[in-house]
Every structure is written in C-alpha cells, then in structure tokens.
Amino acid sequence: MTQSTVIGYRDVVDLDRYPIDQLDSEQGRDFVASCREALLRDGVCQLPGFVVPDAVDRMVELAAELGDAAHRSDSTHTVYFEPVDESVPAEHPTAAQQHSAKQTIAYDRIPESAPIRRLYAADEVKDFIAAVLGKPRLYRSDDPLDAVMIAVFREGDELGWHFDRSEFSVTVMYQDAEEGGHFDYYPGLRSDDDSNYAGVQQVLDGDSAGVIRLPSSPGTLAIFHGRHAMHRVTPTSGSTPRINSVLTYGEDSGMRLNELTADLFYGRTQ
Ligand SMILES: [Fe+2]
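Residues numbered from 1 in each chain as written. Predicted model: local features only at pLDDT ≥ 70, side-chain atom pairs only at ≥ 80, totals over all residues. Heavy atoms only, no water.

Time to look at the overall build of the protein chain. The secondary structure content of the protein chain amounts to 6 helices and 15 strands. At 18 Å, the protein chain has a C-alpha radius of gyration in line with the 18 Å of a compact globule built from 270 residues. Structurally, the protein chain occupies a C-alpha span of about 60 × 45 × 35 Å along its principal axes. Residues classed as buried in the protein chain amount to 49% of the 270 residues present. For the protein chain, long-range pairs separated by at least 24 residues make up 83% of all intrachain contacts whose partners lie at least 6 apart in sequence. Approximately 13,100 Å² of the protein chain is accessible, and the part contributed by carbon and sulfur atoms is 47%. Mean positive and mean negative side-chain charge positions of the protein chain (24 and 45 charges, respectively) differ by 4 Å. (Helix = DSSP H or I, 4+ residues; strand = E, 2+ residues; numbered from the N terminus. Rg over C-alpha atoms; globule rule 2.2 N^0.38 Å. Buried < 20%, exposed > 50% of the residue type's maximum accessible area, 1.4 Å probe, protein only. Contact = heavy atoms within 4.5 Å. Areas by Shrake-Rupley, 256 points an atom, 1.4 Å probe, with all protein chains shown as cover. Lys, Arg positive; Asp, Glu negative; His and termini not counted. Charge placed at Lys NZ, Arg CZ, Asp CG, Glu CD.)

Another point: the sheet that holds strand β5 (residues 148-153). Pairing in this open sheet of 7 strands is antiparallel, and the strands run β1-β11-β7-β14-β5-β3-β2 from one edge to the other. In this open sheet, the two edge strands, each paired with only one partner strand, are β1 (44-47) and β2 (71-77). Taking each pair of neighbouring strands and ignoring which way they run, the sheet shows an average axis angle of 25 degrees. Where β5 lies against strand β14 (residues 242-247), 6 bridges are found, and the strand directions are antiparallel. Counterpart to Phe 153 in the pairing with β14 is Arg 242. In this fold helix α1 (residues 26-42) packs onto β1 and β11 (221-224), with an angle of close to 135 degrees to the strand it touches most, β1. Most of the contacts of helix α6 (residues 259-266) go to β2, to which it runs at about 115 degrees, and overall it touches β2, β3 (98-105) and β5. (Pairing = 2+ DSSP bridges. Axes fitted to C-alpha atoms, helices over the stretch in contact; angles between N-to-C directions.)

Counted under the stated rule, the structure contains 12 aromatic pairs. Residues Phe 31 and Phe 128 carry aromatic rings whose centres are separated by 5.2 Å and whose planes lie at 5 degrees to one another, so their mutual orientation is stacked. Pair noted here: Phe 31 is in helix α1 and Phe 128 is in helix α4 (residues 123-133), with a separation of 97 residues, a long-range link. Comparing Phe 31 with Phe 128 shows no difference in burial state: the two are buried. (Phe/Tyr/Trp six-rings, centres within 6.5 Å; stacked < 30°, edge-to-face > 60°.)

Let us now look at the coordination of the iron ion. In this structure, His 162 (NE2), Asp 164 (OD) and His 231 (NE2) serve as the protein donors to the iron ion, at separations of 2.1 to 2.2 Å. Of note, the iron ion draws all its donor residues from one chain, in the sequence arrangement H-x1-D-x66-H. (Donors = N, O, S within 2.8 Å, 3.2 Å for Na, K, Ca; no water.)

Assignment of secondary structure puts Asp 164 in the loop between β6 (159-162) and β7 (169-175). Put simply, Asp 164 is tucked away with no salt bridge, and the nearest opposite charge, on Arg 190, sits 8.5 Å away. A distance of 3.1 Å separates a polar atom in the side chain of Asp 164 from a polar atom in the side chain of His 162. Aside from chain neighbours lying at most four places away, what touches Asp 164 is Ser 169, Arg 190, Phe 224, Gly 226, Arg 227 and His 231. (Salt bridge = Lys/Arg side-chain N within 4 Å of Asp/Glu carboxyl O. Polar contact = N/O pair within 3.5 Å; in protein donor to acceptor, adjacent residues only side chain to side chain.)

Packing of α1 against α4 leaves a shortest axis separation of 8 Å and a crossing angle of 55 degrees. Accordingly, the angle class assigned to the pair α1 and α4 is oblique. Taken as a pair, α1 and α4 cross one another with a handedness that is right-handed. Mapping the contact onto sequence places Phe 31, Val 32, Cys 35, Arg 36 and Leu 39 in α1 and Phe 128, Ala 131, Val 132 and Leu 133 in α4. Of the residues that constitute the contact of α1 with α4, the class distribution is 8 nonpolar, no polar and 1 charged. (Parallel < 35°, antiparallel > 145°, perpendicular 65-115°, else oblique. Left-handed = near helix turned anticlockwise from the far one by under 90°. Nonpolar A, V, L, I, M, F, W, Y, C, P; charged D, E, K, R; others polar.)

The subject of this paragraph is α4. Residues Val 125, Lys 126, Phe 128, Ile 129, Ala 130, Val 132 and Leu 133 constitute the buried set of α4. Once α4 ends, the next one or two residues include Gly 134, with phi positive near 70 degrees.

This part covers the sheet that holds strand β9 (residues 183-186). The strand order β6-β12-β9-β10 describes an open sheet built from 4 strands, whose pairing is antiparallel. The open sheet has two edge strands, β6 and β10 (212-214), and neither has a second partner. Going across the sheet, the axis of each strand differs from the next one's by a mean of 20 degrees, ignoring polarity. Together, β6, β9 and β12 (230-233) form the strand contacts of helix α5 (residues 197-204), whose direction differs from that of β12 by roughly 20 degrees.

Let us look at the environment of Gln 103. With respect to the helices and strands, the residue Gln 103 is situated in strand β3. With 32 residues separating them along the chain, Gln 103 and His 71 place their C-alpha atoms 5.3 Å apart. Gln 103 has contacts with Ala 70, His 71, Arg 72, Ile 150, Ala 151, Val 152, Arg 154 and Asp 157, leaving out every residue within four places of it along the chain. A polar contact of 3.1 Å, which involves the side chain of Gln 103, links it to the side chain of Arg 154.

Structure follows, in structure tokens:
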C-alpha cells in the first residue's frame, strides 16, 4: 500500500490506551469521565502518547519536507488580539504589547495521507472531543488553510501571553524544542463576567503564582479552555524546533477564518 492510499486513523491513535472507538462501552464512558474531570479541574485534558510514535515521526518528517510551504509571521498584539486601548497606560493589559513569531504550514499544504489529516477526518476523534467538552456535537472547520495547521517554532520564536478567542483548543505535540518553548498557562484567570485586569496585569508583570508550566511530550493530544486561561509559549532556542498542530473544531458548521486573520497567520486568504 502506498502512502497516498492509506486511509483511516486506526494506525495513528493508540486505541488500546485511549478507546475513543468504544465510547459507549463502560471502559469508554470511564475514560471520557476522567478526561472531563481533568478539564474541569485543571482547565486542560492532556493525553500523552495519544498519537503513536510512528505517526509522530512522520509528522516531524513532513514538517521538514514542507518547510518551503511554511509562512513566517512575526507580530505584536495585545493579550486580547484587539486594537490597543489608547486611553489607558501603556502597561495596562488592554494596551501592553506581546510578541509572537512562528512558522505555519496551512491545511491545504498537508497531504491527505498525513497522520494528522487522517486523525482530523475521523468522526471518532471529533465525537470524543465533543464528549469531553460536554457538547452535543462538533463540526470540523471548512477553512482551507486553518482547519489543521502545523506550527514550527525555531530559535527565538514564541507565542506571547494571550487569551484565545475560541472557547477551546485542540493541539497535538510532535517535537519539543532543544530548549525553551514551554507552554505556560493560568487556568480560569478571567471569566465571561470578570475580566480580572488586576490578575492579568500581575502575570504580565512576571508574577508566576498561579501559572502552570504544562509538561508535554511528543504524541500528546491536549484539549484546553484557552478563552479563560491566559497562556503563552516561551521563546525557543537551539537547533531543534518545537513542532505541533492545532486542530480546529466548532459548534457551528461552515467555520472559516476572516480574511484579515487568514492573511496574518498564513500570508494569503486562500
Ligand atoms: Fe492560544
């Protein structure tokens, strides 16, 4: 069988350890319950080794092979990804500038046979994530660039502190950087009713109380409440880049990036 004819996700996910294909069994229900508990308690559900080593290795190879297709972005932004509020002091959370730089490989550049695309195409994976989040159903994104992307952080790259606009995020880790590239997050730092600017300011000022540095390992799937947890990826260094994927799911069908965001992240709109 050639690479291009490989279909399905069963060789990508460690189904013995994570029985997402049997959610109606007692074992499956217990598994979902433990994931939900972790998400509620820690703001994140992390599943180490969810993607098997062979599939992780293939994704690391692909990231190298697709290097020429990557788009480099380097920008400053506020933690809210909104225009600076000029009426407040420069250090206020709505004005303070964060730096983010990375390379992204868009969905349309990743071959259909790639392990991550086969994982993303699987309804079992989508339905499992919905169950963990307590959603009746989720949809895959329709965006030709952003549905699944590969992010590569090389020397000096980072993601500055921010809150996600989406309620939740799903990521798969492929490779840690030689040094740095740590994922730091502060679960529940704000809520829909409370912006907690004082708390946000403390973290921006370098107070690490309440900040959790999440250990990660290649193959880890993470489901994460990023709208209320401020988070960052610390600057990487060394010759080994940090490589992961972000998988986009939503509660509505037909999700697409707006043109401004597409251009910012991918350097093109389609
Ligand atoms: Fe984020």
